[in-house]
Amino acid sequence: MKKRVKEKKSLLRIITRILVVITVIAYVMAAFRISNYSNNYYYDQKVSNYLYDIEANRFGEVYTTALDDMRRDISYDSDVMECRALGFYYEQAVLEKAYREAGNEEKARAFAEKKAEYEKELGSMASKIKDVEAILQD
């Protein structure tokens with residue numbers, strides 16, 4: 001009789017451990033799904049922000065968003081990388097203009113060189129260069 005009770009208790013322990021393991025696995029899988037969903041949402045929202053700011057000629061916001069992405073070490077596809085390059089192009093153009101107006105041609109040339117590097121990365125966003133230059137002329 002005692003042997004049967006012991007066998008039932010050990011079987012119950014094994015079943016309990018199996019259920020605990022299955023439950024932990026289910027929670028981990030759910031956490032990964034939620035994380036994946038939130039990353040996709042974040043990605044879609046970030047792309048929308050880039051495109052909205054570019055269409056509104058808010059290049060300072062594009063630059064700020066690009067910096068935020070760099071700080072978070074977020075990588076995107078080539079289209080979004082072109083948006084980020086536009087933000088950095090704008091930054092270099094602003095700094096070049098500021099140093100040129102201050103009379104520091106050496107630093108202005110350095111920023112012009114960096115600006116030229118970002119211009120190579122613009123791809124389809126190259127059409128926005130004229131908008132950046134127009135904003136800086138004001």
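Anything mentioned here points back to the structure above.
This is a predicted model, so every value here is computed, not measured.

A. Quick look at a nonpolar patch on the surface. A grouping of Leu11, Ile14, Ile15, Ile18, Leu19 and Ile22 is seen on the molecular surface, where their side chains present a nonpolar patch of about 560 Å² in accessible area. Take Ile15: it is sitting in helix α1 (residues 2-55). With relative accessibility at 42%, the residue Ile15 sits in the partly exposed group.

B. Geometry of helix α3 (residues 78-102). In this model α3 runs 36 Å from its N-terminal to its C-terminal C-alpha over 25 residues, within 8% of the 36 Å that 1.5 Å per residue would give. Trailing α3 by a residue or two, Gly103 shows a phi angle of about 90°, which is positive.

C. Structural context of the pattern of salt bridges. This model, assessed by the stated rule, comprises seven salt bridges. Two residues, Glu133 and Lys115, come together in a salt bridge whose shortest N-O distance is 3.7 Å. One end of the pair, Glu133, is in helix α5 (residues 129-137); the other, Lys115, is in helix α4 (residues 105-121), with 18 residues separating them in the sequence. A relative accessible area of 25% places Glu133 in the partly exposed class. Owing to a relative accessible area of 13%, Lys115 belongs among the buried residues under this scheme. Close ionic contact of Asp131 with Lys128 constitutes a salt bridge, the shortest N to O distance being 3.3 Å.

What counts, and at which threshold
- Residues numbered from 1 in each chain as written.
- Predicted model: local features only at pLDDT ≥ 70, side-chain atom pairs only at ≥ 80, totals over all residues.
- Heavy atoms only, no water.
- Patch = residues over 30% accessible without salt bridge, like charges linked within 9 Å, V, L, I, M, F, W, Y side chains within 5 Å.
- Areas by Shrake-Rupley, 256 points an atom, 1.4 Å probe, with all protein chains shown as cover.
- Salt bridge = Lys/Arg side-chain N within 4 Å of Asp/Glu carboxyl O.
- Helix = DSSP H or I, 4+ residues; strand = E, 2+ residues; numbered from the N terminus.
- Buried < 20%, exposed > 50% of the residue type's maximum accessible area, 1.4 Å probe, protein only.
- Expected span 1.5 Å × (residues − 1).

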